[in-house]
Structures are given as structure tokens and as C-alpha cells.
Amino acid sequence: MLKALTTVSEMLARNLDVLSQQPLLVCGLLEDNLPAMLADAGPAPRIFTTDYSYYQWQKNQGVTDIEFGTQPKPHAASALLLLMPKAKAEAEYLLAACLPLLAEGAQIFIAGDNKGGVKSAPKLLAPYCDQVIKLDSARRASLYQAQLIRTAAPLKQTSWQKGYIIEQQQLQVCTLPGVFSAGHLDSGSRLLLDNLKPLKGRVLDFGCGAGVIGASLLKRHPELMLECIDINALALEATRLTLAENQLDAKVYASDGLSQVTGPFNHIIANPPFHAGLKTFYHTTETLLTTAKDYLAPGGSLTLVANAFLPYPELIEKSFGHCETLAINGKFKIYHATRR
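Before going into details, it helps to say that this report is about the structure given with it. (Residues numbered from 1 in each chain as written. Predicted model: local features only at pLDDT ≥ 70, side-chain atom pairs only at ≥ 80, totals over all residues. Heavy atoms only, no water.)

1. So, the nonpolar core
Among the nonpolar cores identified, the biggest contains 94 residues, and Leu 12, Leu 80, Leu 81, Leu 83, Leu 95, Leu 102 and Leu 217 are the most heavily contacted of them. Among the elements that line this core, the one with the most residues is helix α5 (residues 88–98), at seven residues. Grouped together as the second largest cluster of nonpolar side chains are 23 residues, Leu 258, Phe 265, Leu 288 and Leu 304 included. (Core = buried A, V, L, I, M, F, W, Y, C linked by side-chain atoms within 4.5 Å. Buried < 20%, exposed > 50% of the residue type's maximum accessible area, 1.4 Å probe, protein only. Helix = DSSP H or I, 4+ residues; strand = E, 2+ residues; numbered from the N terminus.)

So this is what it looks like as C-alpha cells:
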């Protein structure tokens, strides 16, 4: 399946003569077939992504030199192209993960949407480079270039871990850069946890983030058979850390929506994604609402929190035949449906 080039990639297409002078390690907010465009112009790039959906899509396109995880394998790289992610903290992390693979003098490129934080490239590269130049700016996107002067030490992931405590449950939450609910328990998840009906059996935490919901469920019901899925490698690792910190056990794995999941479940619980990069993004949640019933045992339930303005009840009613609103606050609603 072809995907239209993003405005960032369209801007990069003007600079293939520079970018294709060496094999690139490409990472960050990958959304289109930019790697194929780079391969057509010069050496095929090596791709590192924390996004399982993008990883699966590229594998299905026949791409073999692609890695999914929290950091690339320790193979030397000639140059780096970072596509600016939504969170600056994640950009800092990706640089710390990838730059140790580069030798002194290697070229570093950072590209991104002008509204997406790419203008912070000089500051991001200051620890490693003496001079950062803006190579191009077009279609509301910019490309920066620098030379690695100070080689980076190997990444120590523990130094990037942060956390907080949910006092009511004596739950220690561990987080990593760019992971949802990284600094505190968000109000949507709190509303969801405060209004869940009793659970039993096999439970799926859809879009687990830092593992807040799943760990909270296990604290309340240690007998649950919990599975936690997410599309983001850093979120999955944060969930594993949260579970380990609280001596809890669950199956944690990557899945693009429900694609890697095998039912049936007694319950599916979700605080589903609302944004992808800088864009509002509904597809994953809409697919969940229309297919969740197929992954539930008879009598099984779907419970999710969503922004109050989103038209999700109609999709739930169409799939389940009914939709119950369990709770409302100023911003969020909790929806619940049962497979009859």
C-alpha cells in the first residue's frame, strides 16, 4: 500500500543529493515511504523505529533492514537522520540511543514540521556538535545539519527512567520519554479506574502506555490474567518496568490495534490513542470499537474512556447493540458495552 509523502518528506526530497551521500540510520516520526525514496537516490537506509505499526508496514513492503525496539542494535552507522517526534524528551532519548553508533565527524540531520519542535534542533544537538545549520525550509518543514564533534556514550536506559506514585493504591509507576501519562496519572485514566465494574478472568489492557491501568487492575484483582498491548516500544518497556516495580505479572507485547491479539477475553479496557504525531487520529479506536466484540467471550465487556465530544457511542451501539455511559466529568466519558 502506498502512502502519500508527508510535507516533511516532500521537503527532504529537495535535499536527496546531500542525504544520499552516505548510508543513513533513520529514526523518529516515520509515517511514509521515505526510506524507499532515500534508497532510490543512494545507499539504502537502515531504519530504527519505536512504532510497531510502521515496522509491520515496512516489513510487509519487503524491507529487511528495519528494527523495532527501544534502541537500535549496536552496529556502526555512517550518518543519522532524525525525524522530529512529537515530544522533545523523546527526541533527546533517540539521539542518545543512536549517536553512540556514529563515529566522530559523522553527519547528523534533523527534520520535522515547524510546529512540531524541529526549531529546537540546535539546542538538542548542542551537547554533541559545535555548529548546526538550517539546510532547508519548505512546506512548513525544516531540515538541520550538523557534524558530530563529541562522541556520545552508550545509552543507559535506567538514566532515562522516571516515575511517580499513585498514593491511593501504593502503586509505583515507571515511565520513559514520550510515553503517555509519563508525568502523572491523567484525569481520563483516573475516571476510568474509579468507575470500572468488577472484573474477572482474562483481561486486555489496550494501549497500555506506562502500565498504569493494567497495574492498577492487578493490584485490585491479583487473580486476573492480564495482557497489555501497545504500538510503542517505549510504552511496552515502561509497562514492564511498572509491573516489575510492583511485583506484578502480565503478558506484555506489541500489537497494531488488535492485529497480534488472540481472543476471547472477558474484558477489554482502554484509554485509546487520540493523537498520532501532530495529527488527530481516530482510526485505531474506531477499529477497536467495531471489532472488539469479536475478541470477547459471551458476557464479556468493553470499557473505555474517551474525550466527551467524540462520537464513539454510535460506533459501540452499532457493534454491540447498546452503549452505557458509566461516568462523565468535564472532559471525559466512560463507555461500557457487553457482548450478549
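Let us keep going from here.
2. A look at helix α3 (residues 34–41)
Buried within α3 are the following residues: Leu 34, Pro 35, Met 37 and Leu 38. The arc enclosing the buried residues of α3, seen along the axis, measures out at 160 degrees, which places them on a common side. Contacts from the buried residues of α3 go to α1 (7–13), α2 (16–19), β1 (24–28), β2 (46–49), α4 (52–60) and β4 (77–83). (Arc of directions from axis to C-beta. Contact = heavy atoms within 4.5 Å.)

3. Some words on the sheet that holds β4
With respect to topology, seven strands assemble into an open sheet ordered β3-β2-β1-β4-β5-β7-β6, the strand pairing being mixed. The sheet terminates laterally at β3 (66–68) and β6 (132–138), the two strands that pair on one side only. Neighbour to neighbour, the strand axes of the sheet diverge by 20 degrees on average, direction disregarded. One ladder, built from six bridges, connects β6 with strand β7 (residues 141–147); its direction is antiparallel. Bridge pairing links Val 132 to Ala 146 in β7. Each of β1, β2 and β4 is contacted by α3, which is oriented at about 140 degrees to β4, the strand it contacts most. (Pairing = 2+ DSSP bridges. Axes fitted to C-alpha atoms, helices over the stretch in contact; angles between N-to-C directions.)

4. Section: α4
All of the buried residues along α4 are Tyr 52, Tyr 54, Tyr 55, Trp 57 and Gln 58. Along its buried surface, α4 packs onto α3, β2, β3 and β12 (251–254). At the N-terminal end of α4, a side-chain oxygen is found 2.8 Å from the backbone nitrogen of Ser 53, two or three residues along, and the residue is Asp 51. Positive phi appears at Gly 62, one or two residues downstream of α4, with a value of about 95 degrees. (Polar contact = N/O pair within 3.5 Å; in protein donor to acceptor, adjacent residues only side chain to side chain.)

5. Quick notes on the packing of helix α10 (residues 283–291) against helix α11 (residues 312–320)
Close contact between α10 and α11 brings their axes to 8 Å; oriented N to C, the two are set at 30 degrees. Our classification of the angle between α10 and α11 gives roughly parallel. Counting all contacts with α10, which are made through Thr 285, Glu 286, Leu 289 and Thr 290, the residues of α11 involved are Tyr 312, Leu 315, Ile 316, Ser 319 and Phe 320. A breakdown of the residues in the contact of α10 with α11 according to their chemical character gives five nonpolar, three polar and one charged. (Parallel < 35°, antiparallel > 145°, perpendicular 65-115°, else oblique. Nonpolar A, V, L, I, M, F, W, Y, C, P; charged D, E, K, R; others polar.)

6. Remarks on the sheet that holds β12
Spatially, the seven strands line up as an open sheet ordered β12-β11-β10-β13-β16-β18-β17, and their pairing is mixed. In this open sheet, the two edge strands, each paired with only one partner strand, are β12 and β17 (324–328). Between one strand axis and the next, the sheet turns by 15 degrees as a mean value, whatever way the strands run. Sheet topology places strand β16 (residues 296–307) next to strand β18 (residues 332–338); seven bridges connect them, and they run antiparallel. By the bridge assignment, Ala 306 is partnered in β18 with Lys 333.

7. Digging into the pattern of salt bridges
Enumeration over the complete set of coordinates arrives at seven salt bridges. Measuring nitrogen to oxygen at the nearest pair gives 3.1 Å for the salt bridge that ties Lys 197 to Glu 324. Taken together, the residues Lys 197 in the loop between α7 (187–194) and β10 (202–206) and Glu 324 in strand β17 connect sequence positions 127 residues apart. For Lys 197, a relative accessible area of 38% puts it in the partly exposed group. (Salt bridge = Lys/Arg side-chain N within 4 Å of Asp/Glu carboxyl O.)

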